[in-house]
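Structural characterization, general
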Amino acid sequence: MIKQETLAFITDVARNNNREWFAENKERYEVAKADVLSFVEQLIPRLAAVDPAFSIDTPAKKCLLRIYRDVRFSKNKDPYKNNFGISFNVKGNDIHGPGYYLHIQPGECFFAAGFWMPEAAILKKIREEIDYNATEFLDIINDKSFKSIYHLSKEDTLKNAPKGYETDHPQIEFLRLKSFIAIYPLKDEDFLKPGIVDKLKTAFESVYPFLLFLRKAVDQ
């Protein structure tokens, strides 16, 4: 579980996103960071028990993303993120593959699993896998344990059918996707209860077949 003070710190960062305030509250940041790392340490063995490709020896600090924003090419010059992002990837820090992500941000918490914006060649493979093995894919995303927790993100979607597919293809709604992400919305209060660890372990189990399908597509 996460302490209320950790969520309060993130809220305050969003309200005071400047270096002067952060420097004055650096001790609060270190306490909040330690709290999140302790939480991640509880999740690592649960995820490793579900997904053998994720090492139980993964250090928590390798999963926690930096709170400092790279503003060099962004119009938003806020120096800090207003969330704690945790990336559980089976290849260390390699985000360019199927993986898991936990987002802790008051009012916008969620867990996600899948493949965000794969490069063109990989995207083509995923679409082909859905096309060739539609029954398997549909069985996974329509499974009761999956549907009761997740929805597929439609945020990154082509306006038209991708090259090589007709607009009336039976799976066109999935073939038009540019990212394949299963989203599990969470409430702030979920993180304040001890049951959050078991809740996320169940989420790991429910989404694992979806990750395996994506890995099979990518590795072929």
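Our structure's up above, just so we're on the same page.
Scope of this entry: the structure provided in the associated data block. No experiment lies behind these values; they were computed from the predicted model shown.

Two measures define how a pair of helices packs: the angle their axes make with one another and the distance between the axes. For the pair helix H1 (residues 4-15) and helix H3 (residues 26-50), the least separation of the axes is 9 Å and the interaxial angle reads 130°. In terms of axis orientation, H1 runs oblique to H3. Seen along the crossing, H1 lies across H3 with a hand that is left-handed. Contacts between H1 and H3 involve Thr-6, Ala-8, Phe-9 and Asp-12 from the former and Arg-28, Tyr-29, Ala-32, Asp-35 and Val-36 from the latter. Partitioning the contact of H1 with H3 into residue classes produces 5 nonpolar, 1 polar and 3 charged.

In this section: the sheet that holds strand E5 (residues 180-185). Ordered in space as E1-E2-E3-E5-E4, the 5 strands form an open sheet in which the pairing is antiparallel. Looking at which strands have only one partner, the edges of the open sheet turn out to be strand E1 (84-89) and strand E4 (151-152). Bridge count between strand E3 (residues 110-115) and E5: 6 bridges; the pairing is antiparallel. Residue Phe-110 lies in a different strand from E5, and its bridge partner there is Pro-185. Relative to the sheet, H3 contacts E1 and strand E2 (99-104), its axis offset from that of E1 by approximately 25°.

As a further point, take the nonpolar core. Across soluble globular proteins, nonpolar side chains have a tendency to be buried as a group. Counting 68 residues, the largest nonpolar core has Phe-88, Leu-102, Phe-111 and Phe-210 as its most contacted members. It is helix H9 (residues 196-219) that provides the largest number of residues to this core, a total of 13 residues. The contact partners of Phe-88, leaving out residues within four places of it in the chain, are Val-40, Leu-43, Ile-44, Leu-47, Phe-54, Cys-63, Gly-99, Tyr-100 and Leu-102.

A word on empty space enclosed by the protein. Evaluated as defined, the whole model comprises 1 cavity of 30 Å³ or more. If you add up the space inside the largest cavity, you get close to 30 Å³. Considering the residues around the largest cavity, the lining is formed by Leu-65, Arg-66, Ile-67, Lys-81, Asn-83, Phe-84 and Gly-85.

Once that is clear, we can look at the packing of aromatic side chains. One pass over the full model with this rule turns up 19 aromatic pairs. Arranged with centres 5.8 Å apart and planes meeting at 50°, the rings of Tyr-101 and Phe-110 form a pair that is tilted. Overall, the relative accessible area of 22% leaves Phe-110 in the partly exposed class. Here Phe-137 and Phe-213 contribute two aromatic rings whose centre-to-centre distance is 5.2 Å and whose plane-to-plane angle is 50°, an arrangement assigned as tilted. Of this pair, Phe-137 sits in helix H6 (residues 134-141) while Phe-213 sits in helix H9, and the two are 76 residues apart along the sequence. Taken individually, Phe-137 and Phe-213 each receive the classification buried, so the pair is uniform in this respect. Members of the aromatic cluster, connected to one another through ring pairs, are Phe-9, Trp-21, Phe-22, Tyr-29, Tyr-68 and Tyr-80.

Inspection of the secondary structure assignment puts Leu-211 in helix H9. Of the residues examined, Leu-211 reaches a relative accessible area of 0% and is grouped as buried. Residues Leu-211 and Lys-75 lie 136 residues apart in sequence; the distance between their C-alpha atoms is 34 Å. With near-sequence residues (within four places) excluded, Leu-211 lies in contact with Pro-98, Gly-99, Tyr-100, Ala-113 and Gly-114.

Conventions and cut-offs
Throughout, a residue's number is its position along its own chain's written sequence, starting from 1. Local features in a predicted model are, by the rule used here, given only for residues with pLDDT of at least 70; side-chain atom pairs are given and counted only at 80 or more, and totals for whole chains, interfaces and linings are based on all residues. By convention in this description, side-chain values take in all heavy atoms of the structure and omit both hydrogens and water. What counts as an axis is a line fitted to C-alpha atoms, over the stretch in contact for a helix, and the angles between N-to-C directions run from 0 to 180 degrees. Helical segments are the DSSP runs of H or I of at least four residues, strand segments are the runs of E of at least two, and each set is numbered from the N terminus. Orientation categories follow fixed angle ranges, with anything under 35 degrees roughly parallel, anything over 145 roughly antiparallel, 65 to 115 roughly perpendicular, and all other angles oblique. Left-handed is the label given to a crossing in which the near helix is rotated counterclockwise from the far helix by less than a right angle, and right-handed is the label when the rotation is clockwise. Two residues form a contact once any of their heavy atoms are found within 4.5 Å. Side-chain classes are defined by residue name, with Ala, Val, Leu, Ile, Met, Phe, Trp, Tyr, Cys and Pro counting as nonpolar, Asp, Glu, Lys and Arg as charged, and the others, Gly among them, as polar. Strand pairing is assigned whenever DSSP identifies at least 2 bridges connecting the two strands. Nine residue types can take part in a nonpolar core, namely buried Ala, Val, Leu, Ile, Met, Phe, Trp, Tyr and Cys, and a core is a set of them joined through side-chain atoms within 4.5 Å. The buried label goes to any residue with under 20% of its type's maximum accessible area, the exposed label to any with over 50%, and the partly exposed label to all in between, with areas taken from a 1.4 Å probe on protein chains only. As defined here, a cavity is a set of points on a 1 Å grid over the protein atoms alone where a 1.4 Å probe fits but cannot get out. A pocket is an open set with protein on both sides within 12 Å along at least five of seven lines, and residues line them when an atom is within 4 Å of a point. Grid points are joined across faces, edges and corners, and a volume is the space filled by probe spheres set on the points. Side-chain rings of Phe, Tyr and Trp (the six-membered ring for Trp) are treated as a pair once their centres are within 6.5 Å; stacked means planes under 30 degrees apart, edge-to-face means over 60, and tilted covers the remaining angles.

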